[in-house]
2 protein chains.
Amino acid sequence: VASELILTVTANLALDITYEVGRLVPGATHRVRRVHQRAGGKGVNVARVLRALGAAPVLAGLAGGSTGAAIRADLALAGLVDALTPIAGESRRTVTVVSDVDGEATMCTEPGPLVSATEWADFVASYTELVGAASVVVLSGSLPPGVPETGYRELIDIARRRGVRSLLDASGPALTSALAAGPDIVKPNAAELRAATGIDDELVAAQELRRSGVGAVVASLGPDGLLAITEEGCWRARPPKPLAGNPTGAGDACVAMLAIGAANGASWPNTLVKAVAVSAAAVVCPVAGEIDPGSYQHLLAEVVLEELDAAHPHR
Amino acid sequence: VASELILTVTANLALDITYEVGRLVPGATHRVRRVHQRAGGKGVNVARVLRALGAAPVLAGLAGGSTGAAIRADLALAGLVDALTPIAGESRRTVTVVSDVDGEATMCTEPGPLVSATEWADFVASYTELVGAASVVVLSGSLPPGVPETGYRELIDIARRRGVRSLLDASGPALTSALAAGPDIVKPNAAELRAATGIDDELVAAQELRRSGVGAVVASLGPDGLLAITEEGCWRARPPKPLAGNPTGAGDACVAMLAIGAANGASWPNTLVKAVAVSAAAVVCPVAGEIDPGSYQHLLAEVVLEELDAAHPHR
């Protein structure tokens, strides 16, 4: 799809561990039947989808300790190009305990390593070099402890000064403090949109968010698809029907397609339809970062795209 | 206490991870407040207590992958001498989620790596060399997948041929299949004693177990202390009163003291009193492998030792 290099930044990489048990009983001891383990973090899932779509992602971020080594080994296994900056701390893990009986998933997420000022400076230097070769930079997920809250603002500034487009998928202060740098695209979900603007109406909130200096706001609204406020116009794009499955990773798949669209200079209507189809193709897969190619092709023809009147979008 | 080298064998080492959360709710996502992590497995706890008591343990066992690297790093941090055999598989983890609210602990234990026949042979070769320098060998805990069920029998045979005493703390087939090799000491708990003999009465069961070729049986009966059937006589040794705290690791502390007694050629009454005191000093510590030196010294004078009439022990 895209031959140009897309740089994905995952500041807080994780080793995602899944345990299959009979049923989780608080206070009891459980023999784990099967262990699954893979590199995770939103940016890693984005890179996996980019690769599945034929794009050439390079992964930047911070990783350290024996967990960092396990993350890097898994990235190599997945054929992903790792340009991670080493840190002294231990990368975080997430542990999800899934019941064999009914699929109930219970998750524990570690806070992530403390990153020193020197390590962050090393990362920024490495990022600055990598950005020069990229057409789009994707910034995803939380910032680990020790990284300044304004971390994404700094990274977006560097990209803009080099003429490289930026796509931000973050929440809380990491998102709001980055708006001043003028990211080209931000992709909040409904809750992040509400938290960032204090506005309940999604369209009004997205318009407000765009006015804070963002090129385009693409809000992911779960089964309601995408709402896009862009310089070209405003659209809603919806899947033909709600899909059952695993919503984890649907947002990351959407981000991957938005990045490909930005890298290729595709039109917004074209990109939005593909982004909805690829999100839906991620929902039907049990593991974040995977998409079902058959579903993707099938859904492309079925996504419902509606242009909104930007001035009077509710009419 | 002991200047002679004690070799502890932990075939299935673990990285013990503890997560502090508010309260574990099945089906929910939990941000972990604090992460604790240390090398574990029963033999590692034995080695920690040996070191705390001034003995010189050397750790043998099998470890691999990034989890094996984390285990070795933690052993080095604890000042423990690691003579582990590397394996291709990933060492296992245990994850315990502890509630900040009421201390409720929920545990998941991974099954352990698959050990190949070549790796087991490598381990046996390394063990055979190490045994030559040791005065006592301590064999603790489960055997990982791939290791023959008769693994402990083989290791005890090797020790006996070299005139090195052996102490076995295992359960199930790993215990019962090892009895034929004639370990010098076995330390079952009440449940293991019952499972190995099919006899409910602890004294009768311990006598029966000893008749299967064991030098001495020391059964750990939790708050009731120890029951010892030895070539010198039979004893019960009890703590002065039940102690509140963490029973995990009390058995490993007991094993450490039994090993020191064997290494020093101490009398059974002397060793049993010290073993009960050190077990109780482990119960008052929150973490397995630690003992409270003050409690140990204090309890030494308070342990109740009772000699049993071996022929008519119930009279």
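What counts, and where the lines are drawn
Residues numbered from 1 in each chain as written. Chains lettered and ligands numbered in written order. Predicted model: local features only at pLDDT ≥ 70, side-chain atom pairs only at ≥ 80, totals over all residues. Heavy atoms only, no water. Pairing = 2+ DSSP bridges. Helix = DSSP H or I, 4+ residues; strand = E, 2+ residues; numbered from the N terminus. Axes fitted to C-alpha atoms, helices over the stretch in contact; angles between N-to-C directions. Phe/Tyr/Trp six-rings, centres within 6.5 Å; stacked < 30°, edge-to-face > 60°. Expected span 1.5 Å × (residues − 1). Buried < 20%, exposed > 50% of the residue type's maximum accessible area, 1.4 Å probe, protein only. Contact = heavy atoms within 4.5 Å. Buried area = accessible area lost by both parts, 1.4 Å probe. Polar contact = N/O pair within 3.5 Å; in protein donor to acceptor, adjacent residues only side chain to side chain. Nonpolar A, V, L, I, M, F, W, Y, C, P; charged D, E, K, R; others polar. Core = buried A, V, L, I, M, F, W, Y, C linked by side-chain atoms within 4.5 Å. Least-squares fit on C-alpha atoms with pLDDT ≥ 70 in both. pLDDT = per-residue confidence, 0-100. Salt bridge = Lys/Arg side-chain N within 4 Å of Asp/Glu carboxyl O.

### Re the sheet that holds strand 4 (residues 34-40) of chain B
The strand order across the open sheet formed by 5 strands is 3(A)-9(B)-8(B)-2(B)-4(B), and the pairing between neighbours is mixed. Only two strands of the sheet have a single neighbouring strand rather than two, namely strand 3 (29-31) of chain A together with strand 4 of chain B. Ignoring strand direction, the axes of neighbouring strands in this sheet form an average angle of 15 degrees. Here strand 2 (residues 14-21) of chain B pairs with strand 8 (residues 92-99) of chain B via 8 bridges, running parallel.

### Points about the packing of aromatic side chains
In total, this model carries 4 aromatic pairs over all chains according to the counting rule given. What links up through ring pairs into an aromatic cluster is the set A:Trp120, A:Phe123 and A:Tyr127.

### Re helix 2 (residues 65-77) of chain B
Residues and elements named next belong to chain B. Between its terminal C-alpha atoms helix 2 stretches 19 Å, which fits the 18 Å expected from 13 residues at 1.5 Å a residue. Here helix 2 has its buried residues at Ser-66, Thr-67, Gly-68, Ala-70, Ile-71, Asp-74 and Leu-75. Just downstream of helix 2 lies Gly-79, where phi reads positive at about 75 degrees.

### A closer look at the interface of chain A and chain B
Each side of the interface is counted separately: chain A has 28 residues, and chain B has 27 residues. Overall, the association of chain A and chain B removes approximately 2300 Å² of surface from exposure, summing both partners, and the carbon and sulfur fraction of that is 57%. Run the count over chain A and chain B and you get 14 residue pairs in polar contact (both at pLDDT 80 or more). Of the residues contributing to the side of chain A that touches chain B, the split by class is 17 nonpolar, 7 polar and 4 charged.

### Comments concerning the nonpolar core
By size, the foremost hydrophobic cluster in this structure holds 47 residues, and its most contacted members are B:Phe123, B:Tyr127, B:Val137, B:Leu139, B:Tyr152, B:Leu155 and B:Leu168. Not counting the four nearest positions on each side in its chain, B:Val137 is found in contact with B:Leu7, B:Val9, B:Tyr127, B:Val131, B:Ala159, B:Val164, B:Arg165, B:Ser166 and B:Leu167.

### Overview of the relation of the copies chain A and chain B
Of the transformation superimposing chain A on chain B, the axial component is 0.1 Å and the angular component is 179 degrees, with the fit at an RMSD of 0.1 Å. Interpreted geometrically, this transformation is the action of a two-fold axis. The position closest to the rotation axis in chain A is occupied by the C-alpha of A:Ser66, lying 2.7 Å away. The share of interface residues of chain A whose copies in chain B are also at the interface is 96%, consistent with both copies meeting through the same surface.

### What to know about the sheet that holds strand 4 (residues 34-40) of chain A
With respect to topology, 5 strands assemble into an open sheet ordered 4(A)-2(A)-8(A)-9(A)-3(B), the strand pairing being mixed. Every other strand in the sheet has two partners, leaving strand 4 of chain A together with strand 3 (29-31) of chain B as the edge strands with one partner each. On average, each strand axis in the sheet is inclined to that of its neighbour by 15 degrees, with strand direction left out of account. The sheet contact formed by strand 8 (residues 92-99) of chain A and strand 9 (residues 105-109) of chain A spans 5 bridges and is antiparallel.

### What to know about the confidence of the model for chain A
Per-chain confidence: chain A averages 93 in pLDDT, with 97% of residues scoring 70 or above. What the predictor reports for the complex is a pTM of 0.84 with an ipTM of 0.83.

### Focus on the environment of A:Thr109
Tracing the sequence through the fold places A:Thr109 in strand 9. Residue class for A:Thr109 comes out buried when judged on its relative accessible area of 14%. Along the sequence, A:Thr109 and A:Thr96 sit 13 residues apart, while their C-alpha atoms lie 8.5 Å from each other. If near-sequence neighbours (up to four positions away) are discounted, A:Thr109 is found in contact with A:Arg93, A:Thr94, B:Thr29, B:His30, B:Arg31 and B:Val32.

### A look at the pattern of salt bridges
Per the counting criterion, the structure on display carries 22 salt bridges over all chains. Note that B:Arg23 is salt-bridged to B:Asp102, the shortest N-O span being 3.2 Å. Of this pair, B:Arg23 sits in the loop between strand 2 and strand 3 while B:Asp102 sits in the loop between strand 8 and strand 9 (105-109), placing them 79 residues apart in sequence. Among the ionic pairs, B:Glu208 bridges to B:Arg211, the shortest N-O distance being 3.5 Å. One end of the pair is B:Glu208 and the other is B:Arg211, both in helix 7 (residues 202-211) and 3 residues apart, which spans about a single turn. Overall, B:Glu208 belongs to the partly exposed group, its relative accessible area being 36%. Taken together, the salt bridges that share partners define one network made up of A:Lys42, A:Asp169 and A:Asp252.

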